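Below, each chain spelled out in residue letters.
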Amino acid sequence: MSVSSPRERIDWEAVERAPEFQELVTRRRRFVLPATIFFLAWYLGFVLLAGYAPDFMGESIYQGFTVGYLLALTQFVMVWVLAAWYIRKSDREFDPLREAAKAQAVRDVAGQRAEGGARFERRNDEEVHDA
Amino acid sequence: MSIPFAKVNVEAVCIFALVVGITLAITYWASKRTHSATDFWAAGRGITGAQNGFAIAGDYMSAASFLGIAGLIYLYGFDGFLYSVGFLVAFLTVLFLFAERMRNAGKYTIADVLAFRLRERPARVAAATGTLCVAAFYLIAQMVGAGALIQALVGIDYNLAIVLTGLFMLTYVVFGGMIATTWVQIIKAVMLMAGAVGLTILVLNKVGWNPVELFNRAEEQAGDGTFSLAPGALYSTPIDTVSLGLALVLGTAGLPHILMRFFTVPDAKAARGSVLWAVCLIGVFYIMTTALGFGARAFLGQGGVEAAGAGGNLAAPNLAQFLGGGAGTFGGDALLAIIAAIAFATILAVVAGLVISASGAVAHDLWSNVVRKGKDSEHEEVLVARIAALGIGIVAILIAIGGGKNLNVSFMVGLAFAVAASANFPALLLALSWPRFNTVGAVTGVFVGAFSSIFLVLISPKVWPGPDGEGGLFGFYDLANPGIISIPLGFLACWAGTMLSTEHGNERSFHELYVRSETGLGAEEAPPAPGRAREEEPVTA
């Protein structure tokens, strides 16, 4: 699938309005926004605790192993889990939508070419609803 | 110290020579494959996700992460570890906000993304300024650190060490471009991980494979020093700690040499995959820095503080020597030499990445697109890139030698992250997500972000020790890390510049950038390779 040649003819705003694209950005945002807020809050909360509650952070859980160190380890786990989760969601959920949006755009360009390059706006709502 | 070769560590020099020999062979091989601008800056977009993950780790983990953080943990305990956490968490910002969209929308530099929808010349000048500020501060910090470390570890004179580092760095970049840089970074990442794993195993072996026992022994050895398992030993003003944390977490997503790595992979899928590899490597490494720092505390104790030098940088090498059997034994000297060689490889990989990103800003952004307005040939662009890399490298060597050991390394690195977070990050994020954003907003944002970070650092207590040893130029301002003020200022300036100008017509190009960055339509393609052609997805309609 080569999209670099017809890209000048792609109607970007039409692709943006297409349901596949809207679905893609909505779903991606629904994951990325809460995840970003969560990791920033968890990290800054950790830093604030280290700053304002050093005694609590220095408390021992088991001998020399402290609350602060446990919370620090949760940051590492958080990074790995969120990163792996995002990659998994991308592979299974976002990429198919992305390919659908791209295929739609390429078909639109092909359609224009078939009609002698006549420019018109195509809404593919019907087509996509039963997809 | 006036004699260049006093007390040279011969074993270390031999291992250095081996590392340098391998990397130079790779550079020769890479130079045969570097013809086009895409080869030079983006390694022909032929790096796989896993390779790029190792290269990102190699590009990111500087000698400051390796020796610096192990040293801080040795000296201050828990607070030293706070740094590591911020450095790792930062990659979530990179993954969620930029990795794929950079690959989809850019070509060689972060300026490509801004220039796509804004007026090209001012946008490129702004982005190149941001890139060059970050690269300059970071590069000089690395060079000064390299000189001091190599002098201490190998016994080569400070100035000679900087010149050697600079020469190898320039050889990789000028002749081998991004292909050589990438492989130097991959080799370094493998060496660094192997070294850290080896030392961690030796440390754990000494405490009966019980990590908690390591914590206990470290605490017993705290002595009358600053070491503590509780926070507060290093960062005593919480607001400053938060400010530093913000700059680390957002600044990484504005580091040009890290973002540039995403242009070297074939597509966005490989770009996001490379971040997963990178966070696994970097995360495991930073957890191991605890073993090194606590190990140094447990076995070297408070008595080792003086030998660990400024910032505890030599704690890890001294620990390696101890674990190998102590000074003067074969095992001790061999381990010390290996750690010294790893530190050297670490520095080379980071400075090469910085120089190639700076060369992109000078040659691709400023020369090709601003001075020559895109009328130069690709041959000229690559030639200018090589000349630019050479010039940047020589200037960095001269500043590192001229400024000498008086330049405070951690302050320069802090400045690099502050500028990246306050100047580059807001402009990139808004260009990709705010339809109304325009050229005036980007230019004011980048300049206000950069200047406010630099200004706030210049008036900070680190630069102006008052009569009582603390307090900045102005008594009321005592933050050492400017992020908490300069990052909001950068965003505010982007917003104000956009709203106050009458510039129009950017919303149309926003739609194109938005669609392209989210889907990869029209993205720079990797050269055709067998098996890379994707089958068209059948869409049921």
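Use the structure listed above.
Residues numbered from 1 in each chain as written. Chains lettered and ligands numbered in written order. Predicted model: local features only at pLDDT ≥ 70, side-chain atom pairs only at ≥ 80, totals over all residues. Heavy atoms only, no water.

**What to know about the interface of chain B and chain A**
Move 1: Chain B puts 57 residues into the contact, and the matching count from chain A is 65 residues.
Move 2: Along the contact surface separating chain B from chain A lie 6 salt bridges.
Move 3: Our count for the chain B to chain A interface comes out at 13 residue pairs in polar contact (both at pLDDT 80 or more).
Move 4: Every element with two or more residues in the side of chain B that touches chain A is listed here: helix 5 (78–105), helix 9 (211–220), helix 10 (238–251), helix 12 (268–300) and helix 19 (506–519) of chain B.
Move 5: For the side of chain B that touches chain A, the element with the highest residue contribution is helix 5 of chain B, accounting for 14 residues.
Move 6: Taken together, the residues of the side of chain B that touches chain A sort by class into 31 nonpolar, 13 polar and 13 charged. (Contact = heavy atoms within 4.5 Å. Salt bridge = Lys/Arg side-chain N within 4 Å of Asp/Glu carboxyl O. Polar contact = N/O pair within 3.5 Å; in protein donor to acceptor, adjacent residues only side chain to side chain. Helix = DSSP H or I, 4+ residues; strand = E, 2+ residues; numbered from the N terminus. Nonpolar A, V, L, I, M, F, W, Y, C, P; charged D, E, K, R; others polar.)

**A short note on a nonpolar patch on the surface**
Residue and element names in this part refer to chain B.
Move 1: On the surface, V448, I485, L489, L492, W495 and M499 cluster together into a nonpolar patch covering about 500 Å² of accessible area.
Move 2: Top element by residues in the nonpolar patch is helix 18 (residues 483–500). It accounts for 5 residues.
Move 3: By the secondary structure assignment, L489 is in helix 18.
Move 4: The partly exposed category is assigned to L489, whose relative accessible area is 31%. (Patch = residues over 30% accessible without salt bridge, like charges linked within 9 Å, V, L, I, M, F, W, Y side chains within 5 Å. Areas by Shrake-Rupley, 256 points an atom, 1.4 Å probe, with all protein chains shown as cover. Buried < 20%, exposed > 50% of the residue type's maximum accessible area, 1.4 Å probe, protein only.)

**What to know about the packing of helix 2 (residues 19–52) of chain A against helix 10 of chain B**
Move 1: Contact pair helix 2 of chain A / helix 10 of chain B: the axes reach a minimum separation of 8 Å and the direction vectors enclose 150°. In terms of their interaxial angle, helix 2 of chain A and helix 10 of chain B are classed as roughly antiparallel. Considering the relative orientation of helix 2 of chain A and helix 10 of chain B, their crossing is right-handed. Taking contact as the criterion, the partners of A:F39, A:L40, A:Y43, A:L44, A:V47, A:L48, A:G51 and A:Y52 in helix 2 of chain A are, on helix 10 of chain B, B:P238, B:I239, B:T241, B:V242, B:G245, B:L246 and B:V249.
Move 2: Classifying every residue of the contact of helix 2 of chain A with helix 10 of chain B gives 12 nonpolar, 3 polar and no charged. (Axes fitted to C-alpha atoms, helices over the stretch in contact; angles between N-to-C directions. Parallel < 35°, antiparallel > 145°, perpendicular 65-115°, else oblique. Left-handed = near helix turned anticlockwise from the far one by under 90°.)

**So, helix 17 (residues 439–458) of chain B**
All names here are of chain B.
Move 1: The end-to-end C-alpha distance of helix 17 is 28 Å, a good match for the 28 Å that 20 residues give at a rise of 1.5 Å each.
Move 2: Buried within helix 17 are the following residues: T439, G441, A442, G445, V446, G449, A450, S452, S453, I454, L456 and V457.
Move 3: Buried positions along helix 17 lie against helix 7 (120–154), helix 16 (409–433), helix 18 and helix 19.
Move 4: Measuring from the backbone nitrogen of V440 back to the side-chain oxygen at the start of helix 17 gives 3.3 Å, which picks out N438 as the cap. (Expected span 1.5 Å × (residues − 1).)

**Section: the pattern of salt bridges**
Note on pairing: side chains with opposite charge can pair once their charged atoms come close.
Move 1: Throughout the structure, instances matching the rule amount to 21 salt bridges over all chains.
Move 2: Salt bridges sharing partners connect three or more residues here, namely A:R28, A:D91, A:D95, A:R98, B:E100, B:R101, B:K269, B:R272 and B:E518.

**Some points on the packing of aromatic side chains**
Residues and elements named next belong to chain A.
Move 1: This model, assessed by the stated rule, comprises 37 aromatic pairs over all chains.
Move 2: Taking the centre distance of 5.2 Å and the plane angle of 80° together, the rings of F31 and W85 count as edge-to-face. With F31 in helix 2 and W85 in helix 4 (residues 67–114), this residue pair connects regions lying 54 residues apart in the sequence.
Move 3: A residue is classified by how much of its surface remains accessible, and F31, at 7% relative accessible area, is buried. (Phe/Tyr/Trp six-rings, centres within 6.5 Å; stacked < 30°, edge-to-face > 60°.)

**Here's the deal with helix 13 (residues 315–323) of chain B**
For an α-helix the count is 3.6 residues per turn, leaving residues at separations of three or four pointing the same way.
Residue and element names in this part refer to chain B.
Move 1: Buried residues dominate helix 13, accounting for 8 of its 9 residues.
Move 2: Taken as a whole, helix 13 has its buried residues at A315, A316, P317, N318, L319, A320, Q321 and L323.
Move 3: Of the surrounding elements, those touching the buried residues of helix 13 are helix 4 (63–76), helix 7, helix 8 (158–206), helix 12 and helix 14 (330–371).
Move 4: After helix 13 finishes, the residue G325 shows a positive phi value of roughly 130°.

**Re the nonpolar core**
The tendency in soluble globular proteins is for nonpolar side chains to be buried as a group.
Move 1: B:Y60, B:F96, B:F98 and B:Y286 are the most contacted members of the largest nonpolar core, which totals 227 residues.
Move 2: Dropping the residues within four chain positions of it, B:F96 is found in contact with A:R28, A:F31, A:V32, A:A35, A:T36, A:F39, A:L82 and A:Y86. (Core = buried A, V, L, I, M, F, W, Y, C linked by side-chain atoms within 4.5 Å.)

**Describing the side chain of B:S359**
Move 1: Summarising the element assignment, B:S359 is placed in helix 14.
Move 2: Among all residues touching B:S359, those that are not within four sequence positions of it are B:F40, B:W41, B:H364, B:A385, B:A388, B:A389 and B:I392.

**Structural notes on the side chain of B:T519**
Move 1: Within the element layout of this structure, B:T519 appears in helix 19.
Move 2: Separated by 2.6 Å, the side chain of B:T519 and the backbone oxygen of B:V515 make a polar contact.
Move 3: Of the polar contacts made by the side chain of B:T519, one reaches the backbone nitrogen of B:L521; its length is 3.1 Å.
Move 4: Setting aside residues up to four positions removed in sequence, B:T519 forms contacts with A:F21, A:L24, A:R98, A:A101, A:K102 and B:N104.

**As for the state of the cysteines**
Residues and elements named next belong to chain B.
Move 1: Within this structure, the stated rule accounts for 0 disulfides over all chains.
Move 2: Between C133, a free cysteine, and C494, which holds the nearest cysteine sulfur, the sulfur-to-sulfur gap is 15 Å.
Move 3: Judged by its relative accessible area of 18%, C133 is buried. (Disulfide = S-S within 2.5 Å.)

**What about the packing of helix 3 (residues 49–60) of chain B against helix 12 of chain B?**
Residue and element names in this part refer to chain B.
Move 1: Interhelical geometry of helix 3 versus helix 12 gives an angle of 45° and a closest axis separation of 7 Å. As summarised for this structure, helix 3 and helix 12 are arranged oblique, according to the angle between their axes. In the packing of helix 3 onto helix 12, the handedness of the crossing is right-handed. On helix 12, the residues touching G49, A50, N52, G53, F54, I56, A57 and Y60 of helix 3 are A270, S274, W277, A278, L281, I282 and Y286.

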